[in-house]
Amino acid sequence: MLSRRTVLIGVLAASASFGPISQAQNPAGGSDGNAARRTILQLQRRSIQVNGKPASVFDIRQPDGTFGITTDVGKPFRVRVENKIDEPSLIHWHGLTPPWQQDGVPGVSGPAIPPGGTADYDFPLRFGGTFWMHSHQGLQEQLLMAAPLIILDQRDRPDQQEVVVMLADFSFTPPDQIFAELKKGGGTATPAVTPVAAKGSMTGMKAGGAAKPDLNDVKYDAFLANDRTLADPEVIKVEPGGRVLMRIINSSAMSAYHIDLGALNGELIAVDGFPVIPIIARNFPIAVAQRLDIRLRIPRASGAHPVLAVLEGERRRTGIILVAGNGPVTRIPELAQAPSTALALDLEGRLRASQPLTPRKADRVHTLNLTGDMAKYIWSINNVAWNKDVPPLRITKGERVELILVNQTGMPHPMHLHGHEFQVVEIDGKRFPGAVRDTVLVTPNRRVVIAFDANNPGTWAFHCHLLYHLDAGMFTTLQYV
Ligand SMILES: [Cu+2]
């Protein structure tokens, strides 16, 4: 018996029987008693200014204007998504562990929400931290269909100000055109795309033999921090002598950065929402889809403290400015003095989870070679570009599973597992109790092993989070009951 006055669309009626997700033709309200307690998220269009020009992008916002969601651990994640754009969409709760039907991957966890439709979500939040949400439909993420998803827990202190920074890469070229140009290869590339085919073979070996990664194969028009460039950055007032928790979310489609704290020391306390034994530094790498929670102690003197994100391998950067007291805000050039390095695995090798998985021998191991053809822009796993006929990787409920990720390409790949947190347990043969997280970078010619417990049965995506690699086929699924 449906107690809610919800009209189910045929295709989703089946999934409704698995769990509380349903897709309604009538919007929130009516006699739906839960509707009042649901957080509404509206997918819509909005206009922003980039480099002085208007751009139409997507938006995920509550009716009161709140961007994304901030909630508390222990509360249910009770959300209704309303699709107010003129194309199908579906939102993935990146890093959360919902029942698989609510994971938001079209064609894997359920169908997309049609224009004008809604979908309901209701599941417990097992842990706190910095997460995010984004469309998993087509290339919508490139047009900023993403928002913060912050789950407060006992780590959040009343005496600390929280600052969320969403990093994004932006192009005036439509995403499908960017993708088409990437697939055409280097010869006819427009300014939006670097001639990838000319940059090196797929193994990353150039003439002369030195391995050098291929980076940044899309040339973006701008890099945004909270929708703004360094020409007109967000300026955030902070308390002199106060504590600030920076929640940095890399929602970029294709771009990784070095977070540059300038003269401030930052205390890295969590990655991808999960606590680590703190590491103090002024520079932290962040790959696509990853998050960094960094605590700052603001000096007592008045002053401006830029928090910058420098594109890997380049001088281009973005960021925000923290201002304490009456500190003057000076313009920060959009180009750093020198190009940064490519992201490496040094920090990953030093990170230690403060709440590691219980040590245990793996019951099942899958080796996943990250493969590709740079010239044709086909990206794959074990040389199979994903399609609906690819069988899921088999695992069994209750197992400790290890995935051996071997990057056989010349590009770095940030690999994301849905529905489970995992622990990094090995890099290039060296075992260690590394960070618990949901997205790990595997740089060219390196081998990274992750471990997780098969405790959330269903069909789950595992993929490279570079948007065009994902769309080109570096994607697979795991399945168990
Ligand atoms: Cu990739």
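Overview of the structure. (Residues numbered from 1 in each chain as written. Predicted model: local features only at pLDDT ≥ 70, side-chain atom pairs only at ≥ 80, totals over all residues. Heavy atoms only, no water.)

On to the overall build of the protein chain, then. When helices and strands are tallied, the protein chain shows 4 helices and 32 strands. A burial count over the protein chain gives 58% of its 481 residues as buried. Accessible surface for the protein chain amounts to roughly 18600 Å². Of this, 54% is attributable to carbon and sulfur atoms. (Helix = DSSP H or I, 4+ residues; strand = E, 2+ residues; numbered from the N terminus. Buried < 20%, exposed > 50% of the residue type's maximum accessible area, 1.4 Å probe, protein only. Areas by Shrake-Rupley, 256 points an atom, 1.4 Å probe, with all protein chains shown as cover.)

Take the coordination of the copper ion next. Coordination of the copper ion by the protein comes from H413 (ND1), C464 (SG) and H469 (ND1), over a distance range of 2.0 to 2.1 Å. As a motif over one chain, the donors of the copper ion read H-x50-C-x4-H. Residue C464 shares its accessibility class with H469, and that shared class is buried. (Donors = N, O, S within 2.8 Å, 3.2 Å for Na, K, Ca; no water.)

Attention shifts here to the sheet that holds strand 25 (residues 413–417). Taken together, the 5 strands give an open sheet; going across it, the order is 23-32-31-25-29, and neighbouring strands pair in mixed fashion. Of all strands in the sheet, those bounded by a partner on one side alone are strand 23 (393–394) and strand 29 (439–442). Examined bridge by bridge, strand 31 (residues 458–464) and strand 32 (residues 475–480) share 6 bridges and lie antiparallel to one another. Residue F462 lies in a different strand from strand 32, and its bridge partner there is T476. (Pairing = 2+ DSSP bridges.)

Here the focus is the side chain of E141. Its place among the elements puts E141 in the loop between strand 8 (129–135) and strand 9 (146–152). One buried charged residue, E141, forms no salt bridge at all, with the nearest opposite charge on R291 at 11 Å. Beyond its immediate sequence surroundings of up to four residues, E141 is in contact with W132, H134, S135, S251, S252, A253, H465 and L467. (Lys, Arg positive; Asp, Glu negative; His and termini not counted. Salt bridge = Lys/Arg side-chain N within 4 Å of Asp/Glu carboxyl O. Contact = heavy atoms within 4.5 Å.)

A word on the side chain of Q290. Relative to the helices and strands, Q290 resides in the loop between strand 17 (283–286) and strand 18 (291–297). On the basis of relative accessibility, which here comes to 4%, the residue Q290 falls in the buried class. Here A287 takes part through its backbone nitrogen, which lies 2.9 Å from a polar atom of the side chain of Q290. If we skip the residues at most four places from it in the chain, Q290 touches I248, I249, N250, D272, E348, R437, T439, V440 and L441. (Polar contact = N/O pair within 3.5 Å; in protein donor to acceptor, adjacent residues only side chain to side chain.)

The next point concerns the packing of aromatic side chains. Remark: the centre distance and the inter-plane angle together describe each pair of aromatic rings, the angle taken between the planes. Tallied over the full model, the rule gives 12 aromatic pairs. Taken together through their ring pairs, the aromatic side chains of F77, W93, Y121 and F123 make up a single cluster. One residue, K53, lies across the ring of F172, its end atom 4.3 Å from the ring centre. (Phe/Tyr/Trp six-rings, centres within 6.5 Å; stacked < 30°, edge-to-face > 60°. Lys NZ or Arg CZ within 6 Å of the ring centre and 35° of its normal.)

The next point concerns unusual backbone geometry. Residue N226 is not a glycine yet carries a positive backbone phi of 50 degrees. Mapped onto the elements, N226 comes out in the loop between strand 11 (222–225) and strand 12 (235–238).

Attention now moves to the environment of T367. Mapped onto the elements of the fold, T367 is located in strand 21 (residues 364–373). For the pair T367 and I404, spaced 37 residues apart in sequence, the C-alpha separation works out to 4.6 Å. Residues contacting T367, with those up to four places away along its chain left out, are N382, I404 and V406.

Okay, the pattern of salt bridges next. Opposite charge on two side chains lets them pair, provided their charged atoms get close. By the definition in use, this model includes 29 salt bridges. For D156, the salt bridge identified is with R247, shortest N-O distance 2.6 Å. Pair noted here: D156 is in the loop between strand 9 and strand 10 (160–170) and R247 is in strand 13 (residues 243–250), with a separation of 91 residues, a long-range link. Each member of the pair D156 and R247 is classed as buried. Among the ionic pairs, D428 bridges to R446, the shortest N-O distance being 2.4 Å. Of this pair, D428 sits in the loop between strand 26 (422–427) and strand 27 (430–431) while R446 sits in the loop between strand 29 and strand 30 (447–453), and the two are 18 residues apart along the sequence. Taking relative accessible area as the criterion, D428 reaches 39% and is therefore assigned partly exposed. Classification of R446 as partly exposed rests on a relative accessible area of 28%. Each of D272, R291, E348, R437 and D438 takes part in one network of salt bridges that share partners.

Taken in spatial order, the 4 strands of this open sheet run 4-9-8-6, and their pairing is mixed. Here the strands that pair on one side only, and so sit at the sheet edges, are strand 4 (69–72) and strand 6 (91–94). In this sheet, adjacent strand axes meet at a mean angle of 20 degrees when their direction is disregarded. In this sheet, strand 9 lies alongside strand 8 in antiparallel orientation, the contact comprising 6 bridges. Bridge pairing in strand 9 places W132 opposite P148. (Axes fitted to C-alpha atoms, helices over the stretch in contact; angles between N-to-C directions.)

Okay, the nonpolar core next. If you look at the biggest cluster of nonpolar residues, it comprises 92 residues, and the most contacted ones within it are M246, I259 and Y468. Apart from the residues within four sequence positions on either side, M246 is in contact with V163, V165, L292, D293, I294, L296, V307, I320 and L322. The next biggest cluster of nonpolar side chains, apart from the first, holds 35 residues, and it includes M133, I151, F274 and V425. (Core = buried A, V, L, I, M, F, W, Y, C linked by side-chain atoms within 4.5 Å.)

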